[in-house]
Amino acid sequence: MTSRLLVDKIEGKTTASTVQMPSGSVIQYAYQTSAVAVTNANNSYVATSVAIAFTPKFSSSIIQIHWDGFFAKSASASGGFGYGIFKDGVVLHDIGADSGDRPYEAYKDETRINQRFSRTISHSAGNTNARTYTCRFRGYDSMTVIVNNGSGGGSPKKKMQI
């Protein structure tokens, strides 16, 4: 014997119009992808071409952000780059050796970098205000770094999911 439950809308029994979900349930999901290359030769963080506007349903929610993309440092000289997940322009975690003009998540002496990188972080929503999540990157000593450089091999597509 099988059972089926078909509904158009579930409303909570209180005026909050919410349904209590078991702990650990996924309440919301957002996804974006882009194949647009972004080049940065400055000592400041520049956003990749994915950005997700997101409004948490609950202030107690844990938000998990995953970013995946392809970075290239084409100059055959020592150097590297740093990248991070930002919420409304503020980085949500430490970026390796980010002091002055020399951040590096990846660093190589005298060689190029062509590699796919990913980062997953979680943080507390804290409130139900709208916010925008981005991944931003910058080079080491103003070295040119490209995200989604299709000439480096592999898929140049980057993605972010929340």
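Refer to the structure printed above.
Because the structure is predicted, anything quoted here is derived from the model rather than measured. (Residues numbered from 1 in each chain as written. Predicted model: local features only at pLDDT ≥ 70, side-chain atom pairs only at ≥ 80, totals over all residues. Heavy atoms only, no water.)

Observations concerning a nonpolar patch on the surface
Logical step 1: A surface patch of nonpolar side chains, amounting to about 390 Å² of accessible area, comprises Val26, Tyr29 and Tyr31.
Logical step 2: Here valine 26 lies in the segment before β1 (31-34).
Logical step 3: Assessed through its relative accessible area of 69%, valine 26 is described here as exposed. (Patch = residues over 30% accessible without salt bridge, like charges linked within 9 Å, V, L, I, M, F, W, Y side chains within 5 Å. Areas by Shrake-Rupley, 256 points an atom, 1.4 Å probe, with all protein chains shown as cover. Salt bridge = Lys/Arg side-chain N within 4 Å of Asp/Glu carboxyl O. Helix = DSSP H or I, 4+ residues; strand = E, 2+ residues; numbered from the N terminus. Buried < 20%, exposed > 50% of the residue type's maximum accessible area, 1.4 Å probe, protein only.)

Points about the pairing of strand β9 (residues 131-139)
Logical step 1: Burial analysis of β9 places seven of its nine residues in the buried class, which makes it a mostly covered element.
Logical step 2: Bridge count between strand β3 (residues 46-54) and β9: six bridges; the pairing is antiparallel. Residue alanine 53 lies in a different strand from β9, and its bridge partner there is threonine 132. (Pairing = 2+ DSSP bridges.)

A closer look at the pattern of salt bridges
It is possible for side chains bearing opposite charge to pair when their charged atoms get close.
Logical step 1: In the structure shown here, the tally under the stated rule is one salt bridge.
Logical step 2: Its salt-bridge partner being arginine 116, residue aspartate 68 comes within 2.7 Å of it at the nearest N-O pair. Of this pair, aspartate 68 sits in strand β4 (residues 62-73) while arginine 116 sits in strand β8 (residues 113-124), and the two are 48 residues apart along the sequence.

A closer look at unusual backbone geometry
Logical step 1: Phi is positive for aspartate 88, close to 50°, though the residue is something other than glycine.
Logical step 2: Within the secondary structure, aspartate 88 sits in the loop between β5 (79-87) and β6 (90-91).
Logical step 3: Residue class for aspartate 88 comes out partly exposed when judged on its relative accessible area of 47%.

Observations concerning the environment of aspartate 109
Logical step 1: Within the fold, aspartate 109 resides in the loop between β7 (106-108) and β8.
Logical step 2: Along the chain, aspartate 109 and glycine 79 lie 30 residues apart, while their C-alpha atoms are 6.5 Å from each other.

Some points on the side chain of histidine 123
Logical step 1: Residue position: histidine 123 is located in strand β8.
Logical step 2: We classify histidine 123 as buried; its relative accessible area is 15%.
Logical step 3: In this structure the side chain of histidine 123 is engaged in a polar contact, spanning 2.8 Å, whose partner is the side chain of tyrosine 133.
Logical step 4: Setting aside its immediate chain neighbours within four residues, histidine 123 contacts Ser61, Ile62, Ile63, Ile65, Lys87, Leu92, Arg131 and Tyr133. (Polar contact = N/O pair within 3.5 Å; in protein donor to acceptor, adjacent residues only side chain to side chain. Contact = heavy atoms within 4.5 Å.)

Quick word on the packing of aromatic side chains
Logical step 1: Within this structure, the stated rule accounts for 11 aromatic pairs.
Logical step 2: Their ring planes at 45° and their centres at 5.5 Å tell us that tryptophan 67 and phenylalanine 71 sit as a pair that is tilted.
Logical step 3: Ring pairing ties together the aromatic residues Trp67, Phe71, Phe81, Tyr83, Phe117 and Phe137, which thus form one cluster.
Logical step 4: Lying over the aromatic face of phenylalanine 86, arginine 136 brings its terminal NZ or CZ to 5.2 Å of the ring centre. (Phe/Tyr/Trp six-rings, centres within 6.5 Å; stacked < 30°, edge-to-face > 60°. Lys NZ or Arg CZ within 6 Å of the ring centre and 35° of its normal.)

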